[in-house]
Amino acid sequence: MSKSKRKTHDKIYMEVNSVRQKDPYLLQVPDHFRHILDKMSGVEYVVSDYRNSACLLKVFCDEFCDLSDKKKHKFEMLINSKAAPVSSIADLLFMVLQIDKYYVLQIKDCKALGEFHIISAKQTDPESWVAQSTFDDAEEVGRKIMKLENGKFFRDIM
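What you see is a predicted model, and the numbers here were worked out from it, not measured in a lab.

Caption draft 1: Local environment of the overall build of the protein chain. Looking only at helices and strands, the protein chain features 7 helices and 2 strands. The linear arrangement of helices and strands in the protein chain, starting from the amino end, is β-β-α-α-α-α-α-α-α. Looking at the protein chain as a whole, 33% of its 158 residues qualify as buried. Expressed as a percentage of contacts within the protein chain between residues at least 6 apart in sequence, the contacts between residues at least 24 apart total 53%.

Caption draft 2: Looking closely at the packing of helix H3 (residues 69-80) against helix H4 (residues 89-97). Axis separation between H3 and H4 bottoms out at 11 Å; the angle between their running directions is 135°. By the angle between their directions, the pair H3 and H4 is classed as oblique. Viewed along their axes, H3 and H4 form a crossing whose handedness is right-handed. Contacts between H3 and H4 involve Phe-75, Leu-78 and Ile-79 from the first element and Leu-92, Met-95 and Val-96 from the second.

Caption draft 3: Quick look at the nonpolar core. Grouped together as the largest cluster of nonpolar side chains are 24 residues, with contacts concentrated most on Phe-60, Phe-75 and Leu-92. Looking at this core, the element that brings in the most residues is H4, giving 5 residues. Among all residues touching Phe-75, those that are not within four sequence positions of it are Leu-27, Phe-60, Phe-64, Leu-92, Met-95, Val-96 and Ile-99. Counting 10 residues, the second-largest nonpolar core is a separate cluster that includes Ile-118, Ala-121, Val-141 and Met-146.

Caption draft 4: Broad picture of the pairing of strand E1 (residues 12-18). Residues of E1 alternate between two faces, with Ile-12, Met-14, Val-16 and Ser-18 buried on one and Tyr-13, Glu-15 and Asn-17 left unburied on the opposite face. One ladder, built from 6 bridges, connects E1 with strand E2 (residues 21-29); its direction is antiparallel. Following the sheet pairing, Tyr-13 is matched in E2 by Gln-28. Connecting E1 to the next strand, E2, in antiparallel fashion are 2 residues.

Caption draft 5: Here's a closer look at the pattern of salt bridges. Scanning the entire structure with this criterion turns up 3 salt bridges. With its nearest N and O atoms 3.0 Å apart, the salt bridge here joins Glu-139 to Arg-143. Here the residue Glu-139 and the residue Arg-143 both occupy positions in helix H7 (residues 138-148), the gap between them amounting to 4 residues, near one helical turn.

Caption draft 6: Focus on the environment of Met-14. Along the chain, Met-14 turns up in strand E1. We classify Met-14 as buried; its relative accessible area is 4%. For the pair Met-14 and Leu-27, spaced 13 residues apart in the sequence, the C-alpha separation amounts to 5.1 Å. Ignoring any residue separated from it by four or fewer positions in sequence, one finds Met-14 in contact with Tyr-25, Leu-26, Leu-27, Val-29, Leu-37, Leu-57, Phe-60 and Leu-92.

So, how was this worked out
Residues numbered from 1 in each chain as written. Predicted model: local features only at pLDDT ≥ 70, side-chain atom pairs only at ≥ 80, totals over all residues. Heavy atoms only, no water. Helix = DSSP H or I, 4+ residues; strand = E, 2+ residues; numbered from the N terminus. Buried < 20%, exposed > 50% of the residue type's maximum accessible area, 1.4 Å probe, protein only. Contact = heavy atoms within 4.5 Å. Axes fitted to C-alpha atoms, helices over the stretch in contact; angles between N-to-C directions. Parallel < 35°, antiparallel > 145°, perpendicular 65-115°, else oblique. Left-handed = near helix turned anticlockwise from the far one by under 90°. Core = buried A, V, L, I, M, F, W, Y, C linked by side-chain atoms within 4.5 Å. Pairing = 2+ DSSP bridges. Salt bridge = Lys/Arg side-chain N within 4 Å of Asp/Glu carboxyl O.

Pasting the structure below:
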């Protein structure tokens, strides 16, 4: 698709407030949350139709505000990376309650990615093609894994 035909989306931010935190936090959410947030705020919709979402939103805000700054950043990166798809306030709540089950790889290049997968494959699936690879093949393994996963979960790797 040419650059001229791509849609440019504004970033969508959701203000997260809690009694436990004095300053509101602006959480960047995926583009499709514009529709959900408009419905909840009553823009062109009846607010009473979304009472359940409002209750979940309060619980989400309280739980989110209890996270450390590092976990808040991790949460924001996770929901915007499409690694864990979120489509509702309930999904946000579910993610924030289980944030410790997710991890973010801090890697600098394809070789580091390949080495990580070779080490973990040797432990989890010793018969796989990744586990059979050597560290000399790590860069090629990293490139193949990026291609298999369409590079969805990785940033700044070329």
